[in-house]
Amino acid sequence: MVVNVSNFSRNGLSDFLLQRLTAVVIAAYVLCVLGFLWLNPGLTFVEWISYMESIYMRIFSTLTLFSITAHAWIGMWTVSTDYLNEHHFRSFGHVFRWFFQLFVTVAIVIYVLLGLWVIW
Amino acid sequence: MQVSIYRYIPETDSQPRMQDYEFERPAGRDLMVLDVLEQLKIKDPSITYRRSCREGVCGSDGMNINGRNGLACKTPLGAVVKNNRLVLRPLPGLPVIRDLVVDMTQFYKQFERVDPFLINDEPPPEKERLQSIEEREKLEGLYECILCACCTTSCPSFWWNPEKFLGPAALLHSYRFLADSRDTAKEERLSQLDDPFSVFRCRTIMNCANVCPKDLNPTRAIGKIRTLLVKHGT
């Protein structure tokens, strides 16, 4: 049987709200970047770098990076506990789920470290 | 018409099989799926299924009819038969006891978890606990559930986590008491639901509302429970 131990907050309501809140942050970031591109049709690379390296955008990018991390973990944890369980794989269910969650965790840690390195 | 029925008799079958029967549909009138089963059982008494009231009240004869869960007693052949073929299988996601009869233990366990009865710790009045018309109207679309399990067994979230996700039927009953003005245990009820599985494993795919033979909408009730949990937890 699947357990809550690897769940993000171990609380259904917090995860539910956090997934929606992070989705709003990600959507706002996409709109912000697309809006900038739309308002600056003849954008040069120097202008683009200057925009992305401003302190406001760096903070916003970092916030979005962590939002994607939390959003992805909650989503992938849900997928793993739905499909990688004992109902599908009998006694191997928890082994597959454990390896999958380990893989996702490592991928997310690399993503965050790489993202922070790029942003800052 | 060809009727294909899921057969599994544990004493003689090592694994389930589909058995085909020929059935002559009467001209000029439609039959219910249960009528077909009743007539086939006269020819082959080994066919096993649950039934009782034959009018959509007891909820005994829930089964998978041509790929869709429903009550055999209130599903007309004209609405489901395609290419002159009727396929009957047990409700999915529950262990099969024999033929179309499933073991509903897990379904009832989840039902019990929501304390499906009125809790009121105030002193009982002389006659009865009254409700206003508006308060009573909030129970419409909730109390009518007959526990046929058509909704819960059509829900993939219940198939994958039947021990942890309550399922649409239990959650509909949970909201039926959360919405009841006479119930005083709302805090306790909501506290019991606040984990990653019991309510929040619903992905709002609405299979439950799509198949409910009583035209109820468990998805809407689950949405209202989520709203109550947000208010309760924030």
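Residues numbered from 1 in each chain as written. Chains lettered and ligands numbered in written order. Predicted model: local features only at pLDDT ≥ 70, side-chain atom pairs only at ≥ 80, totals over all residues. Heavy atoms only, no water.

## Considering the packing of aromatic side chains
Any pair of aromatic rings gets described here by the distance separating the centres and the angle formed by the planes. Within this structure, the stated rule accounts for 12 aromatic pairs over all chains. Between Trp48(A) and Tyr51(A) the ring centres are 6.2 Å apart and the planes differ by 40 degrees, which places this aromatic pair in the tilted class. Placement of both Trp48(A) and Tyr51(A) in helix H2 (residues 45-52) is noted, with a separation of three residues, approximately one turn of the helix. The partly exposed category is assigned to Trp48(A), whose relative accessible area is 25%. Centre to centre, the rings of Phe107(B) and Tyr108(B) are 5.5 Å apart; their planes meet at 65 degrees, and the pair counts as edge-to-face. Counting every residue linked through ring pairs, the aromatic cluster contains Phe36(A), Trp48(A) and Tyr51(A). Above the plane of the ring of Tyr143(B) lies Arg136(B), whose end atom (NZ or CZ) is 4.8 Å from the centre. Across from the ring centre of Phe177(B), 4.2 Å away, lies the NZ or CZ of Arg176(B), which sits over that ring. (Phe/Tyr/Trp six-rings, centres within 6.5 Å; stacked < 30°, edge-to-face > 60°. Helix = DSSP H or I, 4+ residues; strand = E, 2+ residues; numbered from the N terminus. Buried < 20%, exposed > 50% of the residue type's maximum accessible area, 1.4 Å probe, protein only. Lys NZ or Arg CZ within 6 Å of the ring centre and 35° of its normal.)

## What to know about the packing of helix H6 (residues 168-178) of chain B against helix H7 (residues 186-193) of chain B
Residue and element names in this part refer to chain B. Where H6 contacts H7, the axes come no closer than 10 Å and their chain directions differ by 155 degrees. Of the possible angle classes, the one that applies to H6 and H7 is roughly antiparallel. Where H6 crosses over H7, the two elements pack in a sense that is left-handed. On H7, the residues that touch Leu171, Ser174, Phe177 and Leu178 of H6 are Lys186, Arg189, Leu190 and Leu193. Considered class by class, the residues forming the contact of H6 with H7 number five nonpolar, one polar and two charged. (Axes fitted to C-alpha atoms, helices over the stretch in contact; angles between N-to-C directions. Parallel < 35°, antiparallel > 145°, perpendicular 65-115°, else oblique. Left-handed = near helix turned anticlockwise from the far one by under 90°. Contact = heavy atoms within 4.5 Å. Nonpolar A, V, L, I, M, F, W, Y, C, P; charged D, E, K, R; others polar.)

## Quick look at a nonpolar patch on the surface
A surface patch of nonpolar side chains, about 1300 Å² in accessible area, is lined by Phe89(A), Phe92(A), Val95(A), Phe96(A), Trp98(A), Phe99(A), Leu102(A), Val106(A), Ile110(A), Leu114(A), Trp117(A) and Val118(A). Sorting elements by how many residues they give to the nonpolar patch places helix H5 (residues 93-119) of chain A first, with 10 residues. (Patch = residues over 30% accessible without salt bridge, like charges linked within 9 Å, V, L, I, M, F, W, Y side chains within 5 Å. Areas by Shrake-Rupley, 256 points an atom, 1.4 Å probe, with all protein chains shown as cover. Salt bridge = Lys/Arg side-chain N within 4 Å of Asp/Glu carboxyl O.)

## Let's talk about the sheet that holds strand S3 (residues 62-65) of chain B
Residue and element names in this part refer to chain B. Across the sheet, five strands lie side by side as S2-S1-S5-S3-S4; this open sheet has mixed pairing. Edge positions in the open sheet fall to strand S2 (17-22) and strand S4 (68-71), since each of these has one partner strand only. Averaged over all pairs of adjacent strands, the angle between strand axes in this sheet comes to 30 degrees, irrespective of strand direction. Here strand S1 (residues 2-7) runs beside S2; their pairing, made up of six bridges, is antiparallel. Within the sheet, the bridge partner assigned to tyrosine 6 lies in S2 and is methionine 18. (Pairing = 2+ DSSP bridges.)

Without other data, these values stay purely geometric and don't point to any function.
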